[in-house]
Protein chains: 2
Amino acid sequence: MAIRYPNGKQFRQPTETASKLKSASAKTSFSDRGMTLEQELNQSNAYYLNHDVAVIHKKPTPIQIVNVDYPKRSAAVIKEAYFKQASTTDYNGVYRGNYIDFDAKETQNATSFPLHNFHEHQVEHMRQCIKHGGICFAIIKFVKLDQIFLFKATDLFSYWDNMDATKGRKSIPLADIQKNGILIQYHIQPLIPYLEAVDQLIDLRR
Amino acid sequence: MAIRYPNGKQFRQPTETASKLKSASAKTSFSDRGMTLEQELNQSNAYYLNHDVAVIHKKPTPIQIVNVDYPKRSAAVIKEAYFKQASTTDYNGVYRGNYIDFDAKETQNATSFPLHNFHEHQVEHMRQCIKHGGICFAIIKFVKLDQIFLFKATDLFSYWDNMDATKGRKSIPLADIQKNGILIQYHIQPLIPYLEAVDQLIDLRR
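- The name given to chain A in an unreviewed UniProt entry is Holliday junction resolvase RecU, and the organism recorded there is Secundilactobacillus malefermentans.
- Under the UniProt heading Subcellular location (unreviewed entry), the note attached to chain A is "Cytoplasm".
- We quote the UniProt Function (unreviewed entry) comment for chain A here in full: "Endonuclease that resolves Holliday junction intermediates in genetic recombination. Cleaves mobile four-strand junctions by introducing symmetrical nicks in paired strands. Promotes annealing of linear ssDNA with homologous dsDNA. Required for DNA repair, homologous recombination and chromosome segregation."

## Considering the overall build of chain A
Moving on, step 1. Along chain A, the regular secondary structure elements total seven helices and ten strands.
Moving on, step 2. Within chain A, the proportion of its 206 residues that are buried is 54%.
Moving on, step 3. Counted over contacts in chain A with a minimum sequence separation of 6, partners at least 24 positions apart contribute 64%.
Moving on, step 4. Here chain A has roughly 9400 Å² of accessible surface; of this, 52% comes from carbon and sulfur atoms.

## Some thoughts on the sheet that holds strand 4 (residues 91–95) of chain B
All names here are of chain B.
Moving on, step 1. Pairing within the open sheet is mixed, and its six strands lie in the order 1-4-5-7-8-10. Edge positions in the sheet fall to strand 1 (55–58) and strand 10 (182–184), since each has one partner strand and no second. On average, each strand axis in the sheet is tilted by 25 degrees relative to the strand beside it, whichever way the strands run.
Moving on, step 2. In terms of strand pairing, strand 5 (residues 98–107) meets strand 7 (residues 135–142) through eight bridges, oriented parallel. The partner of Thr 107 across the bridge, within strand 7, is Phe 142.

## With respect to the pairing of strand 5 of chain B
All names here are of chain B.
Moving on, step 1. The buried fraction of strand 5 is high, at nine of ten residues.
Moving on, step 2. Two elements, strand 4 and strand 5, share five bridges in a ladder whose sense is antiparallel. Across the sheet, residue Tyr 91 finds its bridge partner in strand 5, namely Phe 102.

## Some remarks on the packing of aromatic side chains
All names here are of chain A.
Moving on, step 1. This model, assessed by the stated rule, comprises 19 aromatic pairs over all chains.
Moving on, step 2. Taking 5.1 Å as the distance between ring centres and 55 degrees as the angle between the ring planes, the aromatic pair formed by Phe 102 and Tyr 194 counts as tilted. On the criterion of sequence distance, the pair formed by Phe 102 in strand 5 (residues 98–107) and Tyr 194 in helix 7 (residues 194–205) is long-range, its members being 92 residues apart. Taken as a pair, Phe 102 and Tyr 194 share a single burial class, namely buried.
Moving on, step 3. Both rings, one in Phe 151 and one in Tyr 159, keep their centres 6.2 Å apart while their planes meet at 50 degrees; by these two values the pair is tilted.

## Examining the UniProt feature "site: Transition state stabilizer" (unreviewed entry) in chain A
Residue and element names in this part refer to chain A.
Moving on, step 1. Taken from the UniProt record, the annotation "site: Transition state stabilizer" (unreviewed entry) applies to Lys 105.
Moving on, step 2. Within the fold, Lys 105 resides in strand 5.
Moving on, step 3. If we skip the residues at most four places from it in the chain, Lys 105 touches Leu 37, Phe 113, Asn 117, Phe 118, Gln 122, Ile 139, Ile 140 and Lys 141.
Moving on, step 4. Polar side-chain contacts of Lys 105 include one of 3.4 Å to the side chain of Gln 122.

## As for the nonpolar core
Moving on, step 1. Formed by 50 residues in total, the largest nonpolar core has its most connected members in A:Phe118, A:Ile172, A:Ile177, B:Phe118, B:Ile172 and B:Ile177.
Moving on, step 2. Ignoring sequence-local partners within four residues, the contact set of A:Phe118 consists of A:Asp103, A:Lys105, A:Phe113, A:Val123, A:Met126, A:Ala138, A:Leu156 and A:Trp160.
Moving on, step 3. Grouped together as the second largest cluster of nonpolar side chains are 26 residues, B:Tyr47, B:Ile100, B:Ile182 and B:Leu191 included.

## A short note on the interface of chain B and chain A
Moving on, step 1. Counting from both sides, the interface comprises 49 residues of chain B and, opposite them, 48 residues of chain A.
Moving on, step 2. In this assembly, chain B packs against chain A so that about 4200 Å² is buried in total across both faces, 65% of it on carbon and sulfur atoms.
Moving on, step 3. Contact with chain A buries area across many residues of chain B, yet B:Ile65, B:Ile78 and B:His132 alone supply 15% of it, more than any other trio.
Moving on, step 4. Counting every contact that joins chain B to chain A gives two salt bridges.
Moving on, step 5. A:Asp52 serves as the salt-bridge partner of B:Lys131, at 3.3 Å between the closest nitrogen and oxygen.
Moving on, step 6. Counting across the chain B and chain A interface gives nine residue pairs in polar contact (both at pLDDT 80 or more).
Moving on, step 7. Secondary-structure elements contributing two or more residues to the side of chain B that touches chain A are helix 1 (14–22), strand 1, strand 2 (63–69), strand 3 (77–83), strand 4 and helix 4 (120–131) of chain B.
Moving on, step 8. Here the element with the most residues in the side of chain B that touches chain A is strand 3 of chain B; it accounts for seven residues.

## A short note on the pattern of salt bridges
Moving on, step 1. In the structure shown here, the tally under the stated rule is 18 salt bridges over all chains.
Moving on, step 2. A salt bridge links A:Asp199 to A:Arg96; the nearest nitrogen and oxygen atoms lie 2.7 Å apart. In this pair, A:Asp199 is assigned in helix 7 and A:Arg96 in the loop between strand 4 (91–95) and strand 5, connecting sequence segments 103 residues apart.
Moving on, step 3. Residue classification places A:Arg96 among the partly exposed positions, given a relative accessible area of 34%.
Moving on, step 4. A salt bridge links B:Asp155 to B:Lys152; its shortest N-O distance comes to 3.3 Å.
Moving on, step 5. Connected through salt bridges with shared partners, the residues A:Glu40, A:Lys141 and A:Asp146 form a single ionic network.

Conventions and cut-offs
Residues numbered from 1 in each chain as written. Chains lettered and ligands numbered in written order. Predicted model: local features only at pLDDT ≥ 70, side-chain atom pairs only at ≥ 80, totals over all residues. Heavy atoms only, no water. UniProt positions renumbered as here; feature names shortened; annotations may be inferred. Helix = DSSP H or I, 4+ residues; strand = E, 2+ residues; numbered from the N terminus. Buried < 20%, exposed > 50% of the residue type's maximum accessible area, 1.4 Å probe, protein only. Contact = heavy atoms within 4.5 Å. Areas by Shrake-Rupley, 256 points an atom, 1.4 Å probe, with all protein chains shown as cover. Pairing = 2+ DSSP bridges. Axes fitted to C-alpha atoms, helices over the stretch in contact; angles between N-to-C directions. Phe/Tyr/Trp six-rings, centres within 6.5 Å; stacked < 30°, edge-to-face > 60°. Polar contact = N/O pair within 3.5 Å; in protein donor to acceptor, adjacent residues only side chain to side chain. Core = buried A, V, L, I, M, F, W, Y, C linked by side-chain atoms within 4.5 Å. Buried area = accessible area lost by both parts, 1.4 Å probe. Salt bridge = Lys/Arg side-chain N within 4 Å of Asp/Glu carboxyl O.

Below you can see the structure in the form of structure tokens.
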């Protein structure tokens, strides 16, 4: 569920926003060059929901509320609050009787996916979900290549652990993602038909 | 994941807070008489997570952000925001390979559970989740009786639809909840062992 300003402009999570503001590629993401991956996925999830395919929602942005006004006869107003780092992934839901849990990441990098896009507790959360029978993955978009991949969490773990253990490389080469991930071609309805890739993961478990 | 004020006091969702502020029983829930059902469930879910039983989290409170400051070299500050009505239930996750989705409601009423505690879109969300193989229910606490029940979403639907269709009664009699629901006895670890009741729902599907 996207958080929007009253003018309808979508609000983006601070970690994302902040890093984009700092990065050279900042302006592009605020330009009219198109939707963010989050917007594309929210639209796709709305399609899946409306067409009885799956129930998958983006979780609200976690906020640390510091000061709230409760004016008489009108809505409570949050006067001071801060963004909190999410302790889980952004998306979860149910599809074909399976618990689905994933995070979506965009990168401006054209040759590899930097692992710092993930936080330790997000990876840990996916490990726990898999342990209990959930289907977990990352949806990774290489913005400059305009390519989107579904990358299995279990594959992500091996790169993550290698980074931790042996101070190995801090990114996943594009070639590896092209080889082990599932390419998701843009479509019209839905825009990102990622559940077709999830079908492959479900069938693997059969 | 509970949202807390810096002093550690738990923040409660506005719909809940507002109604409690208005209701005669308001003060009790802000007193030191004990934890709210939400706090009890968060503690129970933390136990389940730490003991590798299940991964179930409370979703963050949805906030409509209107005005954000991005001061240089410091964290973004939300200067104006409002509480949004949740479009789904508050809790979901994975247990024994199943998608679990539920909402938790407290009532000060000692003889029946008022259906206005639910919103149409929450009921609709549970219908959709069930359609795709999820396990959905409500955890209802009768505060004055100190009794907690798991009440199947499918049972809830029949009362909800009857209320809509025939302008029938707007509450579920306690006796019906005692008869059709599953009583959950307080425990120590976890405080509310509701997954034992969920086991019964899972086994029913076998």
